[in-house]
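# Structural overview for review
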Amino acid sequence: MDTTLFQYCQKIVLFSQDGSAVLLARRRGEADYDGVFSFIGGKLESTDGGLVNGLRREKNEEIGSAAKIAVVTSISVNEYFVKTNGQAMVLPHYYARFIGGEITLNDEYSEYRWVNLRELDQFEPKIETVAPMVEAVQKIMRVATEADYREM
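A few points on the structure. Predicted model only: the values in this text are computed from it and were never measured.

Here is what the cut-offs are and how they apply
- Residues numbered from 1 in each chain as written.
- Predicted model: local features only at pLDDT ≥ 70, side-chain atom pairs only at ≥ 80, totals over all residues.
- Heavy atoms only, no water.
- Core = buried A, V, L, I, M, F, W, Y, C linked by side-chain atoms within 4.5 Å.
- Buried < 20%, exposed > 50% of the residue type's maximum accessible area, 1.4 Å probe, protein only.
- Helix = DSSP H or I, 4+ residues; strand = E, 2+ residues; numbered from the N terminus.
- Contact = heavy atoms within 4.5 Å.
- Lys, Arg positive; Asp, Glu negative; His and termini not counted.
- Salt bridge = Lys/Arg side-chain N within 4 Å of Asp/Glu carboxyl O.

## A look at the nonpolar core
- Of all hydrophobic cores here, the largest spans 23 residues; its most connected members are L24, F39, L120 and V134.
- Secondary-structure elements contributing two or more residues to this core are strand 1 (7-15), strand 2 (21-27), strand 5 (68-72) and helix 2 (130-143).
- Looking at which element gives the most residues to this core, the answer is helix 2, with six residues.
- Setting aside chain neighbours within four positions, we find V134 in contact with V13, F15, V22, F39, L117 and L120.
- L23, A25, L55 and I103 belong to the second largest nonpolar core, which has 17 residues in total.

## Here's the deal with the side chain of K11
- Relative to the elements of secondary structure, K11 occurs in strand 1.
- There is no salt bridge for the buried K11, and the closest opposite charge comes from E62, which lies 6.1 Å off by N-O distance.
- Setting aside anything within four residues of it in sequence, one finds K11 in contact with R27, F39, I40, G41, L91, P92, H93 and Y94.

## Quick word on the environment of S110
- Locating S110 in the fold gives a position in strand 8 (residues 109-116).
- Taking relative accessible area as the criterion, S110 reaches 40% and is therefore assigned partly exposed.
- C-alpha of S110 to C-alpha of R26: the two residues are 84 residues apart in sequence and 5.7 Å apart in space.
- Each residue touching S110, except ones within four places of it in the same chain, is listed here: R26, R28 and L105.

Dropping the structure here:
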């Protein structure tokens, strides 16, 4: 058995324009977290041609190209996860802010919500790492300069 194989699954922690809320989307048809709210994002594909291109593709697939965001692409907070099927994953989480436009979910999600940060701990159902990861990526926002953001 090859023990070096893993998936690289980029997550976008998207904050509202004023920074008071975070976007969570309810997963649909997913083996590990069906019906649970999570961040948007997904697996990097070998055809993406790089990390930033993979983030852009996932953003466009999951919330649409009309939704405009700015992402700090040079810094991430990483998490290790093992799926129920035994597949290992590295989940880098990126800080992003919503610029504007319409959010249009694909069929991987049934709905989305902007969850106020003050209500995040009580909000359910969500993946258990959502609240601690929001806190962790907010540190990125504090050190990032405007030059660190990539608009997508």
